[in-house]
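A look at the structure
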Amino acid sequence: MKIILLGPPGAGKGTIAKVLTQFDGSVQISTGDILRTAVAAGTELGKQAEATMKAGDLVTDDLIMGIMEERLKQDDCKAGYLLDGFPRTISQAQSLKLLLEKMGEKLDCALELDIAREIIIDRLTTRRTCSQCGEIYNVKFKPPKVEGICDVCGGNVVQRDDETAEAISNRLQVYSDQTAPLVDFYRDEGLLLSVQNSDGEEILGLLKSKLAIG
Ligand code: AMP
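Residues numbered from 1 in each chain as written. Predicted model: local features only at pLDDT ≥ 70, side-chain atom pairs only at ≥ 80, totals over all residues. Heavy atoms only, no water.

Time to look at the packing of aromatic side chains. Here the structure, examined in full by the defined rule, presents one aromatic pair. Ring geometry for F185 and Y186: centres 4.9 Å apart, planes at 80°, overall edge-to-face. Above the ring of Y137, the side-chain terminus of K142 is found at 5.0 Å from the ring centroid. (Phe/Tyr/Trp six-rings, centres within 6.5 Å; stacked < 30°, edge-to-face > 60°. Lys NZ or Arg CZ within 6 Å of the ring centre and 35° of its normal.)

The following block contains the structure:
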């Protein structure tokens, strides 16, 4: 499957992506994860993105398109991909369309996770993330067995810099100003599938019937 996951921060894009990748071996590509890895490693890309990310703003379209052009050409993308957090602007969506045309590829679907603002704010302020492997926890519903330590890899479980109340409110504003218009963009392209409060298995079922796959 070649799918774009659309939805505000905290909508559950990463969680849904895991279910879908297990189904057909497609890869999850999260531009946020790629950038966080670059920041942690102190690379040139990381240095360029760090302050912008911390404030909850978007890094430049050029920077993101450079990353994605390289990533989508890698071999593991042949089995399909779920784009998590990309595109985030109309300009990125237009550039992606041109890039895929050049590569002779076509998207199957843009999946919108439509979710109420209050639920998102609650989720993001209680979310914790392993700084090493990216495993997601929640202080209320899924705390790590030992506080602050990842069950999976033993890394430090922390609150992301951009999950303070101020940064969250900015990220939601940035989403509604710059990313929400993509819903209409993909509706016009005939690719939109919108779901509300569905879990990964339900979404997988919907996708299977929409895309007529087994
Ligand atoms: P995420 O984990 O997807 O919420 O991304 C974390 C941060 O990385 C965002 O708040 C942006 O600063 C940056 N970022 C991730 N993806 C993009 C993108 N497609 N365009 C611009 N900035 C991005």
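Attention now moves to the sheet that holds strand β5 (residues 127-130). Across the sheet, which stays open at both edges, the three strands sit in the order β6-β5-β7 with antiparallel pairing between neighbours. With partners counted over all chains shown, the strands left at the sheet margins are β6 (136-138) and β7 (157-158), one partner each. The pairing of β5 with β7 spans two bridges and is classified as antiparallel. Bridge pairing links C130 to V157 in β7. (Pairing = 2+ DSSP bridges. Helix = DSSP H or I, 4+ residues; strand = E, 2+ residues; numbered from the N terminus.)

Glancing now at the layout of surface pockets. The volume enclosed by the second largest pocket comes to roughly 200 Å³. Where the lining of the second largest pocket is concerned, the elements lending two or more residues are α5 (90-103) and α8 (181-188). No other element matches α5, which puts five residues into the lining of the second largest pocket. Its residues placed into classes, the lining of the second largest pocket shows seven nonpolar, no polar and five charged. (1 Å grid on protein atoms, 1.4 Å probe; cavity = no way out; pocket = protein on both sides within 12 Å on 5 of 7 lines; lining within 4 Å. Points joined across faces, edges and corners; volume = space filled by probe spheres on them. Nonpolar A, V, L, I, M, F, W, Y, C, P; charged D, E, K, R; others polar.)

Secondary-structure assignment places T129 in strand β5. The exposure class assigned to T129 is buried, which follows from its relative accessible area of 9%. Not counting residues within four places of it along the chain, the set of residues in contact with T129 comprises G134, E135, I136, N156, V157, V158 and R160. (Buried < 20%, exposed > 50% of the residue type's maximum accessible area, 1.4 Å probe, protein only. Contact = heavy atoms within 4.5 Å.)

This brings us to the pairing of β5. One ladder, built from three bridges, connects β5 with β6; its direction is antiparallel. The partner of R127 across the bridge, within β6, is N138. Hairpin connection from β5 to β6: five residues lie between these consecutive antiparallel strands, with G134 at a positive phi of about 85°.

Right, let's get into the site of the ligand. T31, R36, D57, G85 and Q92 are the nearest of the 16 residues found near the ligand. Contacts to the ligand include R88, whose side-chain N or O atom sits 3.1 Å from an oxygen atom. Between a nitrogen atom of the ligand and a side-chain N or O atom of Q92, the distance comes to 2.9 Å. Alone, the ligand offers 480 Å² of accessible surface; in the complex the protein occludes 96% of this. A per-element tally of the shell around the ligand places helix α2 (residues 31-41) first, with four residues. (Near = heavy atom within 4 Å. Polar contact = N/O pair within 3.5 Å; in protein donor to acceptor, adjacent residues only side chain to side chain. Areas by Shrake-Rupley, 256 points an atom, 1.4 Å probe, with all protein chains shown as cover.)

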